[in-house]
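# Breakdown of the fold
So the chains spell out like this:
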Amino acid sequence: MSQRAFYVTTPIYYVSGNPHIGHAYTTVAADVMARTTRCTHETAHFLTGTDEHGQKIAENARIAGLEPQAFVDSLIPRWKALLDAYQITNDDFIRTTDERHERGVQRAFEILRERGDIYPGKYEGWYCTNDETFWPESKLIDGRCPNQECRREVKWLSEDDWFFRLSAYNERLLAHFKAHPQWVRPHRVYNEMLAILESGLDDISITRATLSWGIPVPGGEGVIYVWFDALLNYITAIGWESPDAAQRALFERLWPANVHLIGKEIARFHTIIWPAVLWGLGLAEPAGVIANGWLTFNEEKMSKSKGNVVDPFEIAQRFTSDAVRYFLLREAPFGQDFNFSEEAVVRRYQADLGNDLGNLLNRTLTMVEKYCDGRVPAPVDAANLPINGLAERVAASVPACDFRDALEDIWQLVTALNKMIDESKPWELRKRGETTALDACMYRLCEGLRWLAVLLHPFMPAKSQEMWRQLGFAQTPAQPWTSALRWGLAEEGTRVSKGVPLFPRLETAVEGA
Ligand code: ME8
C-alpha cells in the first residue's frame, strides 16, 4: 500500500455550461495515460472533476434563475455522462463544492497567512470575468482583456483583499525552470512561461471581497479567488491535511503528482502560481505539466463562450467513442492546435480504422476459418515483424504525451501484417499445398493481432476488447505488458470467432446512430 502510484490529473472544468469536445480531449489523453500506466507500472491514480465557484458561474446561475449550488448540481450529470460516454477510468472526481475541498482550501489559506505568504492589501485593478483573471493596466489591449481569444470588456475593481506573495517566489521559480527544462512541455509553452518569470512577478489578489459564491475567507470578508481555490483540488482530492488518517496516507503515497495535463491557456496558473503556492505550504511541485494545443473550428479556438463547439456525445454516437479517442490523439501532436472537422474524423475512420485495422482482423479471421478450421495454428517465430522494442517505445511515448508517435509505432505493425498477407498470398500457399508456410503466416497474423489488441487497449478499450473476443482469447487485453507482450503466447488450438466488422461502413454506423 505504501508503494507510489502514478498520479495524473486533468484540469477541473468550469460547469458554466455543457461539456464540449475540447474537454473530452484532455480527459481522453489522461485516460490513455492512466490505462497505459496500469499496464506498465502497477497502479495509477487518475483525478478529474469540476470547478464550480467564481463569478462567471454565479452570473450564469443568475441568468438561469437558479441558486449557484442548484445550478451546478443541475449540470453535473452531464459532465459525469461525458466520462461514461468516453470510457474514462478516473479513480476520483472532485467538485470544488465538496466539503473535503472547501476544508482544504481554507486550511491552505490559514497556513499561508500564518507564514506571511498571504497578507491584506487593497486591490485596485482590471478584472476579466470570462477568464476569471486580473490584468494590469499595462497588459490591456484597447482597454480590453488581452487574451486574444477573449478580448472582452474588463471591470474596474477596488476593494480590500488578501494577497499572495507571488513575487517572493520569482527567483526560486526561475531557478527551477532553468534546472528542469522538461518540466513544462511543449517547449514553446516553457519558453513563454520563462519569459513571464524573467519580466518579474507581482503579488496577486486571492480573495474577492464583494462576491459571495465561493469558499469563505477564514475569519474575513468575501470569498477566495476561484483560481486559488481550483488549483488546490489536486491536493485536497487526495487527502492533504485530511482529518482521516487513511486519506492522509493516500496523499503521502501520491504527492507530488507525476503530471498535470492542461490546455495551454492555463499554463501560467499551473506552472507559476501553483508551484509557488505549494512551496508556501511546504510541499513539492508536480513532476511535470504538459499542455495540449487547442481544437479549433474554422481556425478559431472552440469554446463555450464562442458557441462554436462540437458536441462530444453526438460525435461519439456517430463514430463510436473509440474512434473519436483515436482521432483526437492521432490527428496532431499533443501540444499543437488542430482543426476538428467531421471530414477529418471520417477520413481517419475509413482509412486507419476501417481499411487498415478492421480489415486486417476480418481478413485474418476469414482465412483462419477457411484454412485452419477456425483454430490458431502452432506457434512460430515473429519473422521480421516490427515487434522488437515496440512495447517499450509505446510505454515511453505515452507518459510524455507523445500519443501520435505511439500510434504511429503501433501502426507499423498493422501495416506489416497487412503487407505480409499481400506478399505471402495465403490463398496461393493453400493452392500449392504449402501447409507449413500457410500455418506460419496464420499464426503470425493471430499473434500480431493479439499484440495489437493489448497495445491499443488504452486508446480504444471497447474495440480492442472486441478484437480480443473475436480472436478467441479469454478475459481482457488489459494486461501487464511485460507478461502479455511476449511473442508466442497465442495458444495453438484457440478457436477464433469472427464477428461483425470492428469499424462498420459509415453509412451503417450513421443509420444505426
Ligand atoms: O480553465 N481545445 O476550465 P475550462 C483543447 N476551471 N482543449 C480544450 C479546449 C479546446 N478548444 N477547450 C477546453 C478552466 N479545453 C479552469 C481550470 S484547473 C485547476 C482549473 C480543455 O472549463 C483544456 O484542457 O475553461 C483546457 O485547459 C480546459 O479544457 C479548460 O476548461
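Conventions we followed
Residues numbered from 1 in each chain as written. Predicted model: local features only at pLDDT ≥ 70, side-chain atom pairs only at ≥ 80, totals over all residues. Heavy atoms only, no water. Helix = DSSP H or I, 4+ residues; strand = E, 2+ residues; numbered from the N terminus. Rg over C-alpha atoms; globule rule 2.2 N^0.38 Å. Buried < 20%, exposed > 50% of the residue type's maximum accessible area, 1.4 Å probe, protein only. Areas by Shrake-Rupley, 256 points an atom, 1.4 Å probe, with all protein chains shown as cover. Lys, Arg positive; Asp, Glu negative; His and termini not counted. Charge placed at Lys NZ, Arg CZ, Asp CG, Glu CD. Axes fitted to C-alpha atoms, helices over the stretch in contact; angles between N-to-C directions. Parallel < 35°, antiparallel > 145°, perpendicular 65-115°, else oblique. Left-handed = near helix turned anticlockwise from the far one by under 90°. Contact = heavy atoms within 4.5 Å. Nonpolar A, V, L, I, M, F, W, Y, C, P; charged D, E, K, R; others polar. Near = heavy atom within 4 Å. Polar contact = N/O pair within 3.5 Å; in protein donor to acceptor, adjacent residues only side chain to side chain. Core = buried A, V, L, I, M, F, W, Y, C linked by side-chain atoms within 4.5 Å. Domains from an automatic or database assignment. Pairing = 2+ DSSP bridges. Buried area = accessible area lost by both parts, 1.4 Å probe. Salt bridge = Lys/Arg side-chain N within 4 Å of Asp/Glu carboxyl O.

## Focus on the overall build of the protein
Along its length, the protein carries 20 helices and 15 strands. Here the C-alpha radius of gyration of the protein, 26 Å, is about what a compact globule of 513 residues would show, namely 24 Å. Seen along its three principal axes, the alpha-carbon backbone of the protein occupies a region of about 90 × 45 × 40 Å. When the 513 residues of the protein are sorted by exposure, 56% land in the buried category. When the accessible surface of the protein is summed, it comes to about 21,100 Å², and 49% of that surface belongs to carbon and sulfur atoms. Taking the average place of the 55 positive charges on the side chains of the protein and the average place of its 68 negative ones, the gap between the two points comes to 5 Å.

## Focus: the packing of helix H11 (residues 312-319) against helix H13 (residues 342-371)
Helix-helix packing is described using two parameters, namely the angle between the two axes and the distance between the axes. Look at H11 against H13: their axes get within 12 Å of each other, and the N-to-C directions meet at 30°. Here H11 is positioned roughly parallel relative to H13, judged by the angle of their axes. Relative to H13, H11 is oriented so that their crossing is right-handed. Two secondary-structure elements touch here, H11 through Ile315, Arg318 and Phe319 and H13 through Glu342, Val345, Val346 and Tyr349. Classifying every residue of the contact of H11 with H13 gives five nonpolar, no polar and two charged.

## Description of the site of the ligand
Within the structure, the ligand sits among 27 residues, and Ile12, Thr26, Asp51, Glu265 and Leu295 are positioned closest to it. The separation between a nitrogen atom of the ligand and a polar main-chain atom of Ile12 is 2.8 Å. Taking Tyr14, its main chain carries an N or O atom lying 2.9 Å from an oxygen atom of the ligand. Here the ligand loses 95% of its free accessible area of 670 Å² to cover by the protein chains. Elements supplying a minimum of two residues to the shell around the ligand: strand E1 (6-14), helix H1 (21-40), helix H7 (226-231), helix H8 (233-236) and strand E11 (259-263). The class makeup of the residues in the shell around the ligand is 14 nonpolar, nine polar and four charged.

## A short note on the side chain of His176
Among the structural elements, His176 can be located in helix H5 (residues 170-179). In this structure, His176 is in contact with Trp183, Trp279 and Glu285, ignoring residues within four places of it in sequence.

## Some remarks on the nonpolar core
Ile21, Tyr86, Leu261, Phe340, Leu357, Leu452 and Phe459 are the most contacted members of the largest nonpolar core, which has 99 residues in total. With 13 residues, helix H17 (residues 435-456) is the single largest residue contributor to this core. Of the residues that make up this core, three or more belong to each of domain 1 (6-292) and domain 2 (342-511). With residues near it in sequence (within four places) discarded, Phe340 still touches Ile21, Leu295, Thr296, Phe297, Met302, Val310, Ile315, Phe327, Leu328 and Val345.

## A closer look at the sheet that holds strand E7 (residues 184-185)
Spatially, the six strands line up as an open sheet ordered E3-E2-E1-E11-E12-E7, and their pairing is parallel. At either margin of the open sheet sits one strand with a lone partner, and together these are strand E3 (92-95) and E7. The sheet contact formed by strand E2 (residues 44-51) and E3 spans four bridges and is parallel. In the strand pairing of E3, Gly49 is matched with Ile94.

## A closer look at the domain arrangement of the protein
Per the domain assignment, the segments making up the protein are domain 1 (6-292) and domain 2 (342-511). Each partner contributes residues to the interface: domain 1 has eleven residues there, and domain 2 has 15 residues. Between domain 1 and domain 2 lies a buried interface of about 1,200 Å² when both sides are counted; carbon and sulfur atoms form 75% of it. Looking at the side of domain 1 facing domain 2, the largest losses of area belong to Val32, Arg35 and Cys39, adding up to 41% of the total buried there. Taken together, the connections running from domain 1 to domain 2 amount to zero salt bridges. Inspection of the region where domain 1 meets domain 2 yields two residue pairs in polar contact (both at pLDDT 80 or more). Per element, the largest residue contribution to the side of domain 1 that touches domain 2 is seven residues, and it comes from H1.

## Describing the sheet that holds strand E5 (residues 133-135)
With antiparallel pairing, the four strands of this open sheet are ordered in space as E5-E4-E6-E8. Since the sheet does not close on itself, it has two edges, and those belong to E5 and strand E8 (204-205), each with one partner.

## What to know about unusual backbone geometry
Geometrically, the link from Arg185 to Pro186 is a cis peptide bond, its omega value of 0° lying close to zero. With respect to the helices, strands and loops of the structure, Pro186 is situated in the loop between E7 and helix H6 (187-199). Cis rather than trans, the peptide bond between Trp255 and Pro256 has omega equal to 0°. The backbone phi angle of Glu241 is positive, close to 55°, even though this residue is not glycine. The residue Glu241 is located in the loop between H8 and helix H9 (245-254) in this model.

## Things to note about the packing of H11 against helix H12 (residues 321-331)
Where H11 contacts H12, the axes come no closer than 6 Å and their chain directions differ by 110°. Relative to H12, the element H11 lies roughly perpendicular. Facing H11, whose interface residues are Ile315, Ala316 and Phe319, H12 presents Ser321, Ala323 and Val324. For the contact of H11 with H12, a count of residues per class yields five nonpolar, one polar and no charged.

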